[in-house]
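Structural characterization, general
Here are the chains, one letter per residue:
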Amino acid sequence: MPYSSPLLEIPRAVAAPEGHPEAGVPWHWGDPFAEQRTAARGVVVIDRSHREILAVTGEERLSWLHLVISQHVTELAANTGTEALVLDSQGHVDTHFVLAHTGETVYLDSDPGPLVTSALPKGGKQTLREYLEAMKFWSKVEIRDATEELAVLSVLGPETDSVLGVELGTEPYSVAALPEGGFARRMPWPTRAGADLVVPRAQLTQWWQRLTDAGARPAGSWTFDALRVESRHPRLGVDTDERTIPHEVGWIGSAAHVAKGCYRGQETVSKVHNVGRPPRYLALLHLDGSPEITPETGDPVKLGERVVGRIGTVAQHHELGPIALALVKRSVPGGAELLAGDEDRVVQATVDPDSVPGEHAAPGREAAQRLRG
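Described below are features of the structure shown in this document. Here the structure is a predicted model, which is why all the values come from computation and not from measurement.

Locating T102 in the fold gives a position in strand 6 (residues 93–102). When its relative accessible area of 9% is taken as the criterion, T102 is described as buried. Residues contacting T102, with those up to four places away along its chain left out, are N79, Y107, V175, A177 and F183.

Take a look at the structure:
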C-alpha cells in the first residue's frame, strides 16, 4: 500500500496530486505562498515522514560505510552527520542520503524507494538495503530498516531554534539525541536556518502538535520544493537522470569526497575533478508565467532548435514566480533565452546567471600544462 501520513487527516491538509514525487505527505495547508513567506521570515514545520530510514550498527560501522559510500566517514564523530551517495561503476549517481551518527548508530535517510545498481554479476537494480547487505561480507555491522521506527519532520526558518525544544549545535549536520527517542540534525538547506527532527513514528502527530503549539506554521512539500529549487539542491530521480554524475548537481564535497578511494565510481569522481569538466550543470530557470502553463519533469530545454537539457523540479515560488531546475549542457551561458517544455506546455525560460558554475582549479590539468611549459 502507498504510504499515507496520519497528518493528512488533520483539517486543511491538502494532499499532493496523483503521481507527485512527494505523494503521501501534505502538499500544502491552504496557502502555499504564505507558508513560503513564513519559512523565509519565521518558522514552519513540514511533514517528510515518507522518507525511508536505515540504521547501521556494529563496531565497524564507520570503516565499513567508508568503503561502500562516496563520503569520507571513518572519523565521523558522534553527534555529527553528512550527506553521501552510492554511485554505479561509471560514477553515475544511484542514490543520495543524509547521515546522522548518534548513539553508536549511523542513520541513513533517503527519498522513498532508493534503488542501487547491483554489485552482483547478474546486475540490475536492488534496494539500498539489499545493496548494503550484499556488501557486508564479514564486516562487523548490522543493517536494519528503521522506517517503521522513525519519521522525519523538517523545521525551516530563522526562528527554527525557538521551537525545537532541544539544544542543537550550530554547525551543519550537528546532531542531538531527543529525550524520547530519535534525534535532531542541523541542515544547511533548503533554507540557511533549519533542522530535521527524526522522531519516533508512533509520536509523529504529537510532535507535530508540539511544534505548531510552539509557533511553527504548518507547511507542505510545495514549500520545501520551492525553497529547494531556489537554493539549487537536487531531488534524486527528479533533477537527476541515469547519466548524472555528482559534479553536475553540486554534490562534490557535500556528498562525494574527491580524495578518498575504494568506493565504486571513485575513478570518475577523481578524473572529472582533476582533469576534466562535467558535461552539464544544474541551472535555475526563471519561467515565463504569463501563459499560465508550466513544463513538466523530463521535458526538453531548447536553445533555438537544439535540445540542451532536461527539466527537473518545477515550482511556484512566493517571490520568484514560476521557477525550475534543469540539467543543461555546460555551453549554455547565464542569461540564455531558452524554451522549456513539450507539446502544448512550452514556455520561455532564462538561466539565472548566479546558477552558472565558475571554473574550478583542476589540479591534474594544471600540472599537465606546467609540464608542457
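Further notes follow.
This part takes up the sheet that holds strand 19 (residues 321–329). Backbone-to-backbone hydrogen bonds pair the strands of a sheet. The strands run either parallel or antiparallel. Reading around the barrel, the six strands line up as 16-19-18-17-20-21 and close back on themselves, with antiparallel pairing between neighbours. Neighbour to neighbour, the strand axes of the sheet diverge by 40° on average, direction disregarded. Pairing of strand 20 (residues 337–340) with strand 21 (residues 347–351), which is carried by four bridges, proceeds in the antiparallel orientation. Within strand 21, the residue paired with L339 across the bridge is Q348. Helix 6 (residues 221–230) contacts strand 16 (280–287), strand 18 (306–317) and strand 19 of the sheet and is inclined by roughly 135° relative to strand 18.

Another point: helix 2 (residues 61–68). Most of helix 2 is tucked away: six of the eight residues are buried. Within helix 2 the residues assigned to the buried category are R61, L62, W64, L65, H66 and V68. Of the surrounding secondary structure, the elements contacted by the buried residues of helix 2 are strand 4 (52–57), strand 5 (80–87), strand 6, strand 7 (105–110), helix 3 (128–134) and strand 10 (142–145).

Quick look at the sheet that holds strand 4 now. The five strands lie next to each other as 5-6-7-4-10, forming an open sheet whose pairing is antiparallel. A strand with exactly one partner marks an edge of an open sheet, and here the two such strands are strand 5 and strand 10. Shown here is a sheet whose adjacent strand axes are inclined to one another by a mean of 25°, direction ignored. Both strand 4 and strand 7 contribute to a ladder of six bridges, which runs antiparallel. The residue bridging T57 from the neighbouring strand is T105, located in strand 7.

Ranked by size, the top nonpolar core spans 23 residues in total, and within it L153, V155, L197 and L211 carry the most contacts. Contributing elements (two or more residues each) for this core: strand 11 (150–156), helix 4 (161–164), strand 14 (194–200) and helix 5 (204–213). Here this core takes four residues from helix 5, the largest share from any one element. Residues contacting L153, with those up to four places away along its chain left out, are L7, V45, I46, D47, A195, D196, L197, L204, W207, W208 and L211. Grouped together as the second largest cluster of nonpolar side chains are 22 residues, L65, A84, L108 and V116 included.

To continue, consider the pattern of salt bridges. With the rule as written, the count across this model stands at 24 salt bridges. Between E149 and R144 there is a salt bridge, and its shortest N-O distance comes to 2.8 Å. It is possible to trace a salt-bridge network through shared partners that takes in E22, R48, R51, D109, D111, R185, D196 and R235.

Roughly 510 Å³ of internal volume is contained in the largest pocket. Per-element accounting of the lining of the largest pocket gives the leading share, five residues, to strand 18. Class assignment of the residues belonging to the lining of the largest pocket gives a composition of eight nonpolar, seven polar and five charged. Summarising the domain contributions, the lining of the largest pocket has at least three residues from each of domain 1 (6–51 + 148–231) and domain 3 (279–359).

What counts, and at which threshold
Residues numbered from 1 in each chain as written. Predicted model: local features only at pLDDT ≥ 70, side-chain atom pairs only at ≥ 80, totals over all residues. Heavy atoms only, no water. Helix = DSSP H or I, 4+ residues; strand = E, 2+ residues; numbered from the N terminus. Buried < 20%, exposed > 50% of the residue type's maximum accessible area, 1.4 Å probe, protein only. Contact = heavy atoms within 4.5 Å. Pairing = 2+ DSSP bridges. Axes fitted to C-alpha atoms, helices over the stretch in contact; angles between N-to-C directions. Core = buried A, V, L, I, M, F, W, Y, C linked by side-chain atoms within 4.5 Å. Salt bridge = Lys/Arg side-chain N within 4 Å of Asp/Glu carboxyl O. 1 Å grid on protein atoms, 1.4 Å probe; cavity = no way out; pocket = protein on both sides within 12 Å on 5 of 7 lines; lining within 4 Å. Points joined across faces, edges and corners; volume = space filled by probe spheres on them. Nonpolar A, V, L, I, M, F, W, Y, C, P; charged D, E, K, R; others polar. Domains from an automatic or database assignment.

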